[in-house]
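# Coordinate inspection notes
These are the residues of each chain, in order.
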Amino acid sequence: MYTVSSYGRMIADKVRTEAYAQALRQVVNSDSVVLDLGTGIGLFGILACQLGVRRVYAIEPDDAIQLGREIARANGYSDRIVFVQDLSNHVTLPEQADVIISDLHGVLPLYGHLIPTIVDARKRLLAPGGVLIPQSETLWISLVEAPDFYLYHTVPWGDDVYDLNVEPWRRIIANTWRKGHMKPEQLLVEPRCWATLDYSTMENPNLSATTSWIVEREGTAHGIVAWFDSKLGDGVGFSNAPDAPELIYGNAFFPLFTPVTINAGDVVTLGLNANLVGEDYVWRWQTQVQESNGAKRLKANFKQSTFFGAPLTSEGLRKRSAAHVPVLNDDGKLEKLILSLMDGQISLELIAHQLTVRFPDRFRKWEDALNLVAQASQKYSQ
């Protein structure tokens, strides 16, 4: 989830915010119904009200929605905005929307459940002939020379590590992508389109494509940089490309396992895959660099994945395997009890008191039990 301050930084990004406002101006009128999907603190919904729409439905699961309610009230729009604190796939509206507007991005559009969320909203909540903002987004990739950025993130402590072998650390970092801000002069090859997301038709959240380049200038490749161009409306959009004004999104930097010197005529082949697994994407990038001389020797053949970018234990993997037969631990038993007592008959206070009786070693104070029960209530109760 975003923080309130991050919502503020998004609003302050005038290139992004004005592009969304301009796209709204193109498609709404006094009879329009607008769905602000992932409203945050309600900016797009309030902009729609300023443009005179009849009704706004603003959906947001995070508690930041309360600030949206207060801002709407302070600006005189609370009678036209209906705020719904929930995930949109749990929501049914009394009427379909003429326009669905959303910015559910991270650094790239492939972020969490953005695509499944938009697909569900398009099918259930958008009126026939309705408009999606954004309409589509194109993702681009290139090879980049970024020695300072690479060193900062792969060897943050410098060369002196008390004579330790830190190869296990480097293996983790080399399989972790991160946000950066690259410059156009750092690109070693011409950008290539990796994928286009047409939100009006797409269904599959997973993307995979392979592309290749013949290198035209020498340099040292440190990673792959990715960005997107967003089409919000007719002639309206923005980009977080290296040659565009710097936006809050930044670019995505996928490091190579080690830097590779490349020369004119070398062939670089990149396979990039993104698969939604659980709550987020698993990325894989396979990079080959082949010499330009007659030998055609491979300079590099890296196979990297964010799957290997987190420390994993055999015990943790065993518990996630399909064949594992789980048995509740103490925390599981405690949560099971809490959920069983949330039957619409007992207050949180009484549930908390029962926990202190049944788990006296776990809760030194009644307030500790109440806090745990309150968290479960916020997550699971109607």
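Residues numbered from 1 in each chain as written. Predicted model: local features only at pLDDT ≥ 70, side-chain atom pairs only at ≥ 80, totals over all residues. Heavy atoms only, no water.

### Topic: the environment of isoleucine 172
Topologically, isoleucine 172 is positioned in helix α7 (residues 167-173). A relative accessible area of 23% means that isoleucine 172 is categorised as partly exposed. When the C-alpha atoms of isoleucine 172 and tryptophan 140 are compared, they prove to be 25 Å apart, with 32 residues separating the residues in sequence. Among residues more than four places away in sequence, those in contact with isoleucine 172 are Phe308, Gly309, Ala310 and Pro311. (Helix = DSSP H or I, 4+ residues; strand = E, 2+ residues; numbered from the N terminus. Buried < 20%, exposed > 50% of the residue type's maximum accessible area, 1.4 Å probe, protein only. Contact = heavy atoms within 4.5 Å.)

### Some thoughts on the sheet that holds strand β15 (residues 298-305)
The 4 strands lie next to each other as β9-β13-β14-β15, forming an open sheet whose pairing is antiparallel. Either end of the sheet is taken by a strand with one partner, and the two such strands are β9 (207-214) and β15. Across the sheet, the mean angle from the axis of one strand to that of its neighbour is 10°, orientation sign disregarded. Where strand β14 (residues 280-290) and β15 come together, 7 bridges link them in antiparallel fashion. In the strand pairing of β15, glutamine 288 is matched with asparagine 301. (Pairing = 2+ DSSP bridges. Axes fitted to C-alpha atoms, helices over the stretch in contact; angles between N-to-C directions.)

### Observations concerning the pattern of salt bridges
Enumeration according to the criterion identifies 11 salt bridges in this entry. Aspartate 331 is the partner of arginine 362 in a salt bridge, and the nearest nitrogen-oxygen pair spans 2.9 Å. With arginine 362 in the loop between α10 (348-358) and α11 (366-380) and aspartate 331 in helix α9 (residues 330-341), this pair connects stretches of sequence that are 31 residues apart. Relative accessible area serves as the criterion here: at 42%, arginine 362 is assigned to the partly exposed category. Using a relative accessible area of 45% as the deciding quantity, one classes aspartate 331 as partly exposed. It is possible to trace a salt-bridge network through shared partners that takes in Asp31, Arg54 and Glu95. (Salt bridge = Lys/Arg side-chain N within 4 Å of Asp/Glu carboxyl O.)

### Digging into helix α3 (residues 43-50)
With 6 of 8 residues buried, α3 is to be regarded as a mostly interior element. Here α3 has its buried residues at Phe44, Gly45, Ile46, Leu47, Ala48 and Cys49. Taken together, the buried residues of α3 touch α2 (14-27), β1 (33-37), β2 (55-59), α4 (65-74), β3 (81-84) and β4 (97-102). Directly after α3, the chain includes glycine 52, whose backbone phi takes a positive value near 90°.

### Details of the sheet that holds β1
Judged by pairing direction, the sheet is parallel, and its 5 strands sit side by side in the order β3-β2-β1-β4-β5 without closing on themselves. The sheet is open, and its two edges are formed by β3 and β5 (126-133), each paired on a single side. The average angle at which neighbouring strand axes cross in this sheet is 20°, direction not considered. Where β1 lies against β4, 4 bridges are found, and the strand directions are parallel. Paired with leucine 35 across the two strands is isoleucine 100, which belongs to β4.

### So, the pairing of β14
Relative to β14, strand β13 (residues 267-277) runs antiparallel, the two being bridged by 11 bridges. In the sheet register, leucine 276 faces β14, and the bridge partner there is tyrosine 281. Connecting β13 to the antiparallel partner β14 that follows it, the hairpin turn spans 2 residues, and glycine 278 within it adopts a positive phi of roughly 70°.

### Focus: the packing of aromatic side chains
Following the criterion strictly, the structure yields 13 aromatic pairs and no others. Of the aromatic side chains, those joined through ring pairs into one cluster are Trp177, Trp194, Phe254, Tyr281, Trp283 and Trp285. (Phe/Tyr/Trp six-rings, centres within 6.5 Å; stacked < 30°, edge-to-face > 60°.)

### A few points about the side chain of arginine 16
Tracing the sequence through the fold places arginine 16 in helix α2. A polar contact is formed between the side chain of arginine 16 and the side chain of threonine 17, at a distance of 3.3 Å. Aside from chain neighbours lying at most four places away, what touches arginine 16 is Met10, Ile11, Phe44, Asp103, Phe238, Leu247 and Tyr249. (Polar contact = N/O pair within 3.5 Å; in protein donor to acceptor, adjacent residues only side chain to side chain.)

### Considerations on unusual backbone geometry
Of note, the bond from isoleucine 133 into proline 134 is cis; its omega dihedral lies within 30 degrees of zero at 5°. Locating proline 134 in the fold gives a position in the loop between β5 and β6 (136-144).

### A few points about the packing of α2 against α3
Between α2 and α3, whose axes approach to 10 Å, the crossing angle comes to 45°. The angle between α2 and α3 places the two elements in the oblique class. At the point where α2 passes α3, the crossing takes the right-handed sense. Of the residues in α3, those in contact with Arg16, Thr17, Tyr20, Ala21 and Leu24 of α2 are Leu43, Phe44, Leu47 and Ala48. Split by residue class, the contact of α2 with α3 holds 7 nonpolar, 1 polar and 1 charged. (Parallel < 35°, antiparallel > 145°, perpendicular 65-115°, else oblique. Left-handed = near helix turned anticlockwise from the far one by under 90°. Nonpolar A, V, L, I, M, F, W, Y, C, P; charged D, E, K, R; others polar.)

### Here we look at helix α6 (residues 147-154)
By the burial criterion, the buried members of α6 are Phe149, Tyr150, His153 and Thr154. For α6, the angular spread of buried residues about the axis comes to 110°, placing them on one side. With respect to the buried face of α6, the exposed residues turned more than 90 degrees away are Asp148 and Tyr152. Residues of α6 that are buried in the fold lie against α7, β7 (178-180), β10 (219-233) and β12 (251-262). (Arc of directions from axis to C-beta.)

### A word on the nonpolar core
Residues Leu35, Ile81, Ile100, Leu110, Trp194 and Trp283 are the most contacted members of the largest nonpolar core, which totals 82 residues. When residues no more than four places from it in sequence are discounted, the contact partners of isoleucine 100 are Leu35, Leu37, Ala121, Arg122, Leu125, Leu126, Val131, Leu132 and Ile133. (Core = buried A, V, L, I, M, F, W, Y, C linked by side-chain atoms within 4.5 Å.)

### Some remarks on the environment of alanine 48
Topologically, alanine 48 is positioned in helix α3. For alanine 48, a relative accessible area of 0% corresponds to the buried category. In this structure, alanine 48 is in contact with Leu24, Val34, Val53 and Val56, ignoring residues within four places of it in sequence.

By themselves these figures say nothing about function.
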